[in-house]
Amino acid sequence: MDYHAKRSPDITVNETEHMKTVRELAPECIVILRNDGTLPVVNPCKIAVYGNGARHTVKGGTGSGDVNSRFKVSIYDGLKEAGFTITNEDWLDRYDRDLEVYTEEYIQKIKRYAEENHIVGEMAQFDNPFGVMEQPAVEDSDIDGDSELALFVITRDSGEGKDREYKRGDYLLTETEEANLRKVAASYRKTAVILNCGGIIDTSVINSIGGIGALLTVSQLGNVGGNIIADCILGKSVPSGKLTDTWAKRFEDYPNSDTFSSDNDDEVYKEGIYVGYRYFDSFGIEPMYLFGFGLSYTTFDTEVTGVSLTGQTVKITACVTNTGKVYPGKEVVQAYCSAPSGNIDKPYQVLAGYKKTDEIAPGAACEVTIEFDMADLASYDANTAMSVLEEGDYLIRVGTSSADTKIVMTVNVPKTVEVCRYRNLFAPDMHFDVMTNPGKGLELSAIADSKQKSLAKLFVLDTSVITKKVTEYTDSRDVITDDRAGEVITLADVIEGKADLKQLVAQLTPEEMAHIVVGAFEGERKDDSVVGSASLQVPGAAAETTRSFFDTRRIPSLVLADGPAGLRLIPHFKTYPDGSLVPGGYVFGFSRQDFPEDLPEGCIDYYQYCTAIPIATALAQSWNPDLIEKIGFLIGEEMTDFGVHLWLAPGMNIHRNPLCGRNFEYYSEDPLVTGKCAAAMTKGVQKNKGRGTTIKHYAANNQEDNRLFSNSHVTERTMREIYLKGFEIAVKESQPLSIMTSYNLLNGTHTANHYELIQNVLRDEWGFEGVVMTDWCTTQAIVAEMGFGKPGKYHESSSAMCVHAGNDWIMPGSATDVEGILKAVDDKKLSVADLQFCTYNILKTCIICAGDEII
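The text that follows walks through the structure, step by step, so that each part is easy to find. The model shown is predicted, which means the values in this text are computed figures rather than measured ones.

Our next topic: the overall build of the protein. Check the secondary structure of the protein and you find 23 helices and 32 strands. The globule rule puts the C-alpha radius of gyration for 855 residues at 29 Å, and the 27 Å found for the protein is close to it. By principal-axis analysis of the C-alpha atoms, the protein measures approximately 80 × 80 × 50 Å. Across the 855 residues that make up the protein, the buried fraction comes to 63%. Look at the contacts in the protein between residues 6 or more apart in sequence, and 78% of them connect residues 24 or more apart. Entry remark: accessible area of the protein is about 31,000 Å², with carbon and sulfur atoms responsible for 48%.

Structurally, Ile 489 can be placed in the loop between strand E19 (469–470) and helix H10 (491–495). Along the chain, Ile 489 and Gln 507 lie 18 residues apart, while their C-alpha atoms are 7.8 Å from each other. Sequence-distant contacts of Ile 489, that is, excluding residues within four places in its chain, are made with Arg 484, Val 494, Ala 499, Gln 503, Leu 504, Gln 507 and Arg 553.

If you look at the biggest cluster of nonpolar residues, it comprises 192 residues, and the most contacted ones within it are Leu 389, Ile 613 and Tyr 698. Sequence-distant contacts of Tyr 698, that is, excluding residues within four places in its chain, are made with Leu 724, Phe 727, Ile 739, Met 740, Thr 741, Ser 742, Thr 751, Leu 757, Ile 758, Val 761, Leu 762 and Trp 766. Counting 55 residues, the second largest nonpolar core, distinct from the first, contains Val 494, Val 517, Ala 800 and Leu 835.

Moving on, we come to the packing of helix H1 (residues 13–25) against helix H15 (residues 625–642). Across the interface, H1 lies against H15 with an axial gap of 11 Å and an inter-helix angle of 165°. Classified by the interaxial angle, the pair formed by H1 and H15 is roughly antiparallel. When the axes of H1 and H15 are compared, the crossing they make is left-handed. Together, Asn 14, His 18, Thr 21, Val 22 and Leu 25 of H1 and Leu 627, Lys 630, Ile 631, Leu 634, Glu 637, Glu 638 and Asp 641 of H15 make up the contact between the two elements. In terms of residue class, the contact of H1 with H15 is made up of five nonpolar, three polar and four charged.

Take the sheet that holds E19 next. A sheet is described by the order of its strands in space; here four strands give the open sequence E13-E14-E17-E19, paired in mixed fashion. With one partner strand each, in any of the chains shown, strand E13 (379–381) and E19 form the two edges of the open sheet. By the bridge criterion, three bridges tie E13 to strand E14 (residues 386–389) in an arrangement that is antiparallel. When the sheet's bridge partners are listed, Ser 379 is paired in E14 with Val 388.

Moving on, we get to the state of the cysteines. Going through the model one piece at a time under the given rule, you end up with zero disulfides. The thiol sulfur of Cys 838 is not disulfide-bonded, and the nearest other cysteine sulfur, from Cys 802, lies at 8.8 Å.

What follows deals with the sheet that holds strand E10 (residues 332–338). Strand order in the open sheet formed by five strands is E11-E10-E15-E16-E18, and the pairing between neighbours is mixed. The strands lining the two open edges of the sheet, one partner per strand, are strand E11 (350–356) and strand E18 (457–460). With direction set aside, neighbouring strand axes in the sheet form an average angle of 20°. Bridge count between E10 and strand E15 (residues 392–399): five bridges; the pairing is antiparallel. By the bridge assignment, Tyr 336 is partnered in E15 with Arg 397. Relative to strand E16 (residues 405–413), helix H9 (residues 440–455) is tilted by about 65°, and along the sheet it contacts E15, E16 and E18.

Rules used throughout
Residues numbered from 1 in each chain as written. Predicted model: local features only at pLDDT ≥ 70, side-chain atom pairs only at ≥ 80, totals over all residues. Heavy atoms only, no water. Helix = DSSP H or I, 4+ residues; strand = E, 2+ residues; numbered from the N terminus. Rg over C-alpha atoms; globule rule 2.2 N^0.38 Å. Buried < 20%, exposed > 50% of the residue type's maximum accessible area, 1.4 Å probe, protein only. Contact = heavy atoms within 4.5 Å. Areas by Shrake-Rupley, 256 points an atom, 1.4 Å probe, with all protein chains shown as cover. Core = buried A, V, L, I, M, F, W, Y, C linked by side-chain atoms within 4.5 Å. Axes fitted to C-alpha atoms, helices over the stretch in contact; angles between N-to-C directions. Parallel < 35°, antiparallel > 145°, perpendicular 65-115°, else oblique. Left-handed = near helix turned anticlockwise from the far one by under 90°. Nonpolar A, V, L, I, M, F, W, Y, C, P; charged D, E, K, R; others polar. Pairing = 2+ DSSP bridges. Disulfide = S-S within 2.5 Å.

And the structure:
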């Protein structure tokens, strides 16, 4: 193999530069929830640091979302590097001793679990998360009265394969966390709480404890997170994040709190479109912290200076002034729309657009402009299969959070206008009632709305400017015929203009195409790999495509790597003198594989240390697409460094409930924020030649328990307005090179087999031009043996139906998949045209990603 990995263990220029970039940008991801002046501190001082995340700060979630970086800077490390003196070392040492015992007991537990259930150790970790240890009590002897500040770091970890739980040590504080926090807050002059969590936790207890002056959710910021947080504690960097989720006062306030992930077979989306703030605002439920909320070390005044309607485009200009005297800062101006009541039920308001300011010095001002299309505010009418703007007044609200807004303009739509005609493609497979708006939000804001509306500018939409769009759907595919029989066309011929790609596809036999649409297997990948580490070319990468036709057809093998928070590769591997891989170096959570002893002379060491970036939820909290694009660009650079073609990220499923185990991989409860973030990340990555993203998991994948065999029951409108909208934005704005379907079923059909979802929506309605792949092992019965889950009411997806649906790549691939495809062709249950279609999409992607390797 011609490995791209480094031969030297020394830190590289790219590593250094990338960590520097993350450190500079990530403060924008931190959200200040409370602060009475406790933070920042002016200079390094004596400080006490408590909590499970003090020395063991979590850089990101577990599973395929983990990143094997060279090192990790904890909050403790970052503070010490910044010059702080830590005054409670004895308590921290006691915690570490207890953690060492807890960790060893956990490792033994997962080994026993794997043996008893006949599954691999990685899957045993998925089923049994590490959890949170009860911590040693804070004693009077631990308290140093000279400390200027105490930090209490609350850490929660989560990952794929298992949803979180409403219990102590997860959504709730442990008993010792609560007791120690009360002790610390009562014993120090100033106390700040740092939430190092991948998702929402209960903050009611924290907010009930006197003596806590500041509360920050720093999320999980990657491998230099401790440095980033220390910079913010000192005021060298100013947090400017805003929440992209609604934090409830009580878990029971979430609309699906009583049913989420409770039935291993069927998940009913009974809340419909009422997810997140759409629910809280419409039903008049006051949250603990609002969607879009976040404080700063300074204060701002936001004044709307101009509004206009040109054609169907709304334009809002606002001037933001930093009214503070000490610290610079950034603010996010947000625009929401309250649509008129009509025949279609609607939420109180939806986010229509947003813009973050540049950094504003004290006393200075910055002007921002928000633009959005009125057509994007249309509602889906399932009765007519159309998106429509119903007649009436559309109230445009502007402010700095979902509730801190004022009506600045009214757009009157004089008659109902059709925006786009579709087909209803997601027929329900069971009857259920969905929630409707009770009008509580409008009742609560009626008086203020009436006064603000009377002062706001009124515009009338000229409905003739909106041209109704009608989608042309593909119901079947045509066979590509061979018009150059007798020749052997290669992909190199296509690149050089000597042949058309369709002419090459026409020459391929069903057997050849069946191997092309299935990932590499049987000697083409590591035999000892099971979970997302199958690549031979880039050890640790999740998979690669077949190399079987490179010599005959010049079809290259593409490498696909995991990691929504960076690239997940084996950090250190070795090869024998003949170039073959030495077993060992594998890292997956607590699973480690050591190198053999007594290796022969001439073995070569290789290194693949990658940068762990902030998790997706943290990046979204920046509300800054330009920042996310810069992060995406550095990921693309590392892909180029190590020979990875497609990054299996970003994840962009909606935060339907706080307990989803993979929420940390996803951006928000809001589809607009989600789509804009994924588009920005894709643009950044794909600025690097031959590198692409894989947006995932498409679609309605919002829980981890029994993820392969869970059936999501969702209405047509809910799919289109909530769970597909973010994907639509990302596709139309950035054209990612690939998309990954999800494990779950959607109204009775596996998403990997869902023709309407993949062909009709993704390609026909949105114009997606790339390649579609399955999630790992979704077609294989072996998943039950590995521990992914066991079929019950529902079973695995079909490899043949994947091809029919236009799910081009089946990953990571098996002989069973090839056999299933060929049998379906022989039985006339799968057309050759479908197989050619998928092959064409794959080869087109090969040209984009590896054109230089082909010629």
